[in-house]
Amino acid sequence: QKEVEQDPGPLSVPEGAIVSLNCTYSNSAFQYFMWYRQYSRKGPELLMYTYSSGNKEDGRFTAQVDKSSKYISLFIRDSQPSDSATYLCAMSVRGANNLFFGTGTRLTVIP
Amino acid sequence: KAGVTQTPRYLIKTRGQQVTLSCSPISGHRSVSWYQQTPGQGLQFLFEYFSETQRNKGNFPGRFSGRQFSNSRSEMNVSTLELGDSALYLCASSLGTGENTIYFGEGSWLTVV
């Protein structure tokens, strides 16, 4: 079993829809949770960074962490065609810089 | 503020050869990590360097090695290349002080033929 599980999709939504992306994990020592966006043939771009449980909002993006369920989510409101990319969840233990990634979910927002 | 810079962006090598990839972290960042990204395995951690010392290592064979210089720039080397080493190699930088905001470069695309 992989330490981080993520539905690879692909996921297609109409422009303006609310998108929900999710990851589950098995290592209870994970305390830092991140979401990256990766466009084709580009490096991952850090979108959201959360420490421990709770919610964090940044513009159209909301990250949620539920450590009791070992479940994290990223919500995108008012999705735009420019949001079309692969979204990767990543996590690490406290004080460590080695990230454990999900496989990524490919999202397409249709105009 | 300049981001993480990786060179070269694209390269093609022959089986058995070796390759060296270079990474310049964000100014002020002392931690540099390397990752391999393939369609089958996704993003996997190779190793991390902090203040010229390897601080953490993933589960890759000894053919994969790296180093970090006093100016925090880093290089990774892959010797005796195999077809399966074809991948996107990503460098990531952070302050390395425990706060884990980690930023990635655009990557080096390696094709082994």
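First things first, this report covers the structure right here in the doc.

**A short note on the interface of chain A and chain B**
Here is step 1: Contacts between the two partners involve 20 residues from chain A, matched on the other side by 26 residues from chain B.
Here is step 2: For the pair chain A and chain B, the summed buried area comes to about 1800 Å², and 48% of that belongs to carbon and sulfur atoms.
Here is step 3: The interface formed by chain A and chain B contains 1 salt bridge.
Here is step 4: Put simply, K42 of chain A and E106 of chain B hold a salt bridge, and the shortest N to O gap is 3.9 Å.
Here is step 5: Our count for the contact surface shared by chain A and chain B stands at 9 residue pairs in polar contact (both at pLDDT 80 or more).
Here is step 6: Mapped by element, the contributors of at least two residues to the side of chain A that touches chain B are β4 (30-38), β5 (45-51) and β9 (85-93) of chain A.
Here is step 7: A total of 4 residues in the side of chain A that touches chain B trace back to one element, the largest contributor, which is β4 of chain A.
Here is step 8: Residues belonging to the side of chain A that touches chain B are distributed by class as follows: 11 nonpolar, 6 polar and 3 charged.

**Describing the environment of E5 of chain A**
Residues and elements named next belong to chain A.
Here is step 1: Mapped onto the elements, E5 comes out in strand β1 (residues 4-6).
Here is step 2: You can call E5 partly exposed: its relative accessible area is 34%.
Here is step 3: For the pair formed by E5 and L21, sequence separation is 16 residues and the distance between their alpha carbons is 12 Å.
Here is step 4: Discounting residues that sit within four places of it in the chain, E5 has contacts with N22, C23 and T24.
Here is step 5: Looking at E5, its side chain comes within polar contact range of the main-chain nitrogen of K2, at 3.5 Å.

**A short note on the packing of aromatic side chains**
Here is step 1: On inspection of all chains with the given rule, the structure shows 14 aromatic pairs over all chains.
Here is step 2: Measuring from ring centre to ring centre gives 5.8 Å for Y36 of chain A and F101 of chain A, while their planes differ by 45 degrees; the resulting arrangement is tilted. Of this pair, Y36 of chain A sits in strand β4 while F101 of chain A sits in strand β10 (residues 100-101); the two residues are 65 residues apart in sequence, bridging distant segments of the chain. As far as burial versus exposure is concerned, Y36 of chain A and F101 of chain A are alike and both buried.
Here is step 3: Considering the side-chain rings of Y35 of chain B and F45 of chain B, the 5.5 Å spacing of their centres and the 65 degrees angle between planes classify their relative orientation as edge-to-face. With Y35 of chain B in strand β4 (residues 31-38) and F45 of chain B in strand β5 (residues 42-50), this residue pair connects regions lying 10 residues apart in the sequence. Take Y35 of chain B and F45 of chain B: they sit in the same class, and that class is buried.
Here is step 4: Within the aromatic cluster, the residues linked to one another by ring pairs are Y36 and F101 of chain A together with Y35, F45 and F104 of chain B.
Here is step 5: Here the basic side chain of R41 of chain A rests over the ring of W109 of chain B, its NZ or CZ set 4.3 Å away from the ring centre.
Here is step 6: Seen from the ring of F50 of chain B, R55 of chain B lies directly overhead, with NZ or CZ sitting 4.2 Å from the centre.

How each quantity is defined
- Residues numbered from 1 in each chain as written.
- Chains lettered and ligands numbered in written order.
- Predicted model: local features only at pLDDT ≥ 70, side-chain atom pairs only at ≥ 80, totals over all residues.
- Heavy atoms only, no water.
- Contact = heavy atoms within 4.5 Å.
- Buried area = accessible area lost by both parts, 1.4 Å probe.
- Salt bridge = Lys/Arg side-chain N within 4 Å of Asp/Glu carboxyl O.
- Polar contact = N/O pair within 3.5 Å; in protein donor to acceptor, adjacent residues only side chain to side chain.
- Helix = DSSP H or I, 4+ residues; strand = E, 2+ residues; numbered from the N terminus.
- Nonpolar A, V, L, I, M, F, W, Y, C, P; charged D, E, K, R; others polar.
- Buried < 20%, exposed > 50% of the residue type's maximum accessible area, 1.4 Å probe, protein only.
- Phe/Tyr/Trp six-rings, centres within 6.5 Å; stacked < 30°, edge-to-face > 60°.
- Lys NZ or Arg CZ within 6 Å of the ring centre and 35° of its normal.

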